[in-house]
Amino acid sequence: MDVPLVVRWIFEHALRNHASRPIVSREDDGSIVRLTYADFGRRVAQLAGALVEAGIRPGDRVASFGWNSHRHLELYFAVPMIGAVLHTTNIRLFPEQVCWAFEHAGDRLIFVDGSLAPAVERALATKPDFRRPFVVMGPSSASLPDAQDYEAMLARQPDRFDWPELDERSGAILCYTSATTGDPKGVVFTHRSTVLHAFAGGLADALGVRQRDTVMPVVPMFHVNAWGIPFLAPMVGAKLVMPGNRLDPASLIELIEGEGVTISLGVPTVWLAVRDELEKRDLRLPTLHTLVIGGSAVPPSLFDDLERRGIRTVHAWGMTEMSPIGTVSRVHADLEGEPWEKQRDVLLKQGRFTPLVAWKILDDDGRAVPHDGRTAGQLWVRGPAVTGSYYRTGAALPVFDAEGYFATGDVCTIDEFGYLHIVDRSKDLVKSGGEWISSVDLENTIMGHPSVREAAVIGLAHLKWVERPVAVVALREGAALDEPSLQAWLGERLVKWQIPDRVLFVDAIPRTGVGKFLKRELRERYRDLLI
Ligand code: ADP
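Residues numbered from 1 in each chain as written. Predicted model: local features only at pLDDT ≥ 70, side-chain atom pairs only at ≥ 80, totals over all residues. Heavy atoms only, no water.

*Asks:* Is there a simple way to think about helix α1 (residues 7–17) in this case?
*Replies:* An α-helix turns once every 3.6 residues. As a result, residues three or four positions apart point the same way. Of the positions making up α1, those classed as buried are Val7, Ile10, Phe11 and Ala14. Down the axis of α1, the buried set is contained in an arc of 95°. They therefore lie on one face. Packed against the buried residues of α1 are α2 (37–53), α3 (70–81), α7 (191–202) and α8 (229–236). (Buried < 20%, exposed > 50% of the residue type's maximum accessible area, 1.4 Å probe, protein only. Helix = DSSP H or I, 4+ residues; strand = E, 2+ residues; numbered from the N terminus. Arc of directions from axis to C-beta. Contact = heavy atoms within 4.5 Å.)

This is the structure:
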């Protein structure tokens, strides 16, 4: 039957087939809300009624400004299912950027978590002529102009809604890239791409989430749909645990232990902090069988430390433009029974492609690179969950080739088993003389030093070599290390020209809103260091 692939499929399936499964959500004050998918369904219907009463029509954009919570999940379904588009706004934007984001998206109504209302207040102060109605979710110390209370809005509505038939090509969610390398660019996920992505990302060799799992997305719902978990978990009926605004390691560990989390997902920074806490308290997390880590490369030292505590890291790669999941690393059938070292090598790579991603890796002359795991080239992708354009973004256009493949901007290798390894972002590669140095490889080597917590490597202008690597390093708590000792330690592991010219120690490395190193800022800060 030619029926549209719309988000409502997932919603109605969850209500009919997984009605009793739980959704656990931590409120701003630390208390825990417990719902079932059946309760959730009634609340989504009430929210839809409230949206229509507020004048939201098909095609309108509605913003969310929130943590991972059951209310955010309700928005994820109610907004697209009435035909509107949910703009998941990055809560870590600077105050001046927040109103820009609302305006650029053309949001007609803005939902804000109570604990984040002060941030929106600060944003409004930078732009006094900005007027939009707000809905505040949960108690708040701030008072936004023209604001309604979320729960009061829902309470006035019936718990059934007559959902409209929608075109599967209509927009469901609008998300902006985290602007690690440039200005934010908006990507609209359609109903169709969202459903297809949930299926492909959910396969056993991809995220592999099952009904019996308890899933805790730490990766934010304000950034690429929390890697699809808000759709995947209801689809399979997994128990969902939403950590709210408490993302410190102790609070995450408490939820993992208390709720029996089996799968969690997030960027390396989060798990570096959790690892430190586990080591400090000599803890194990017996229920947690899988930690999906992506967004930036997994440092091997983190992988090994977690493995020692019985936690398997599943490395994943993707990007906003891909909805986001592109590859996931699981052991290939042909490598079963191989020595651990060999399996570890491939598990540290970014993984193998999910089924709805066509790909090619081309060298500078446009030739496909051999599958030798060594020769690097630019990665191009194509597929039903890859974006075809950016949303209203004047100058910045996605780059496509004649065959319709999208340029990811990532430089990578592919091996005989089909494992993708991201060498670097093309903008982050260090061009030293005639040689290219992978900032990621260098960071991973440095993070292997027992005193180092985190390291970011940037290429800085150099009169003789064009660029030379410089490492910005944050040490582990209580550790001491100086520049010459680290350089000497690296000298035993790297060839001479790969050793950073300078090592700069900082308390913390600046990050983007989603926890990636903000190398743009580091390059700016140290621009003339080597000149
Ligand atoms: P932004 O480009 O603003 O950071 P995205 O979150 O869409 O926004 O980032 C996608 C990029 O992040 C990828 O193109 C890649 O460079 C990087 N990335 C994502 N996952 C990984 C990973 N597992 N290893 C290395 N790099 C990664």
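*Asks:* Help me understand the domain arrangement of the chain in this model?
*Replies:* Size of an interface: often given as the accessible area lost when the parts come together. Under the domain assignment used here, the chain contains domain 1 (7–22 + 35–195) and domain 2 (430–525). Between the C-alpha centres of domain 1 and domain 2 there is a distance of 40 Å. (Domains from an automatic or database assignment.)

*Asks:* For this particular structure, what's the right way to read the side chain of Asn68?
*Replies:* By the element assignment, Asn68 lies in the loop between β3 (61–65) and α3. At 2.8 Å, the side chain of Asn68 forms a polar contact with the backbone oxygen of Pro217. Once residues lying within four places of it in the same chain are set aside, the contact partners of Asn68 are Pro217, Val218, Val219, Pro220, Met221, Met242, Pro243 and Gly244. (Polar contact = N/O pair within 3.5 Å; in protein donor to acceptor, adjacent residues only side chain to side chain.)

*Asks:* Would you take a moment to explain the nonpolar core for this structure?
*Replies:* As a rule of thumb, nonpolar side chains are buried together in soluble globular proteins. Of all hydrophobic cores here, the largest spans 108 residues; its most connected members are Leu51, Phe77, Phe111, Leu207, Ile229, Leu265 and Leu420. Leave out the neighbours within four places in its chain, and Leu265 touches Leu207, Val215, Met216, Pro217, Val218, Val219, Trp227, Ile229, Trp271 and Val292. One finds Ile91, Leu124, Val136 and Phe222 within the second-largest nonpolar core, a separate group that totals 22 residues. (Core = buried A, V, L, I, M, F, W, Y, C linked by side-chain atoms within 4.5 Å.)

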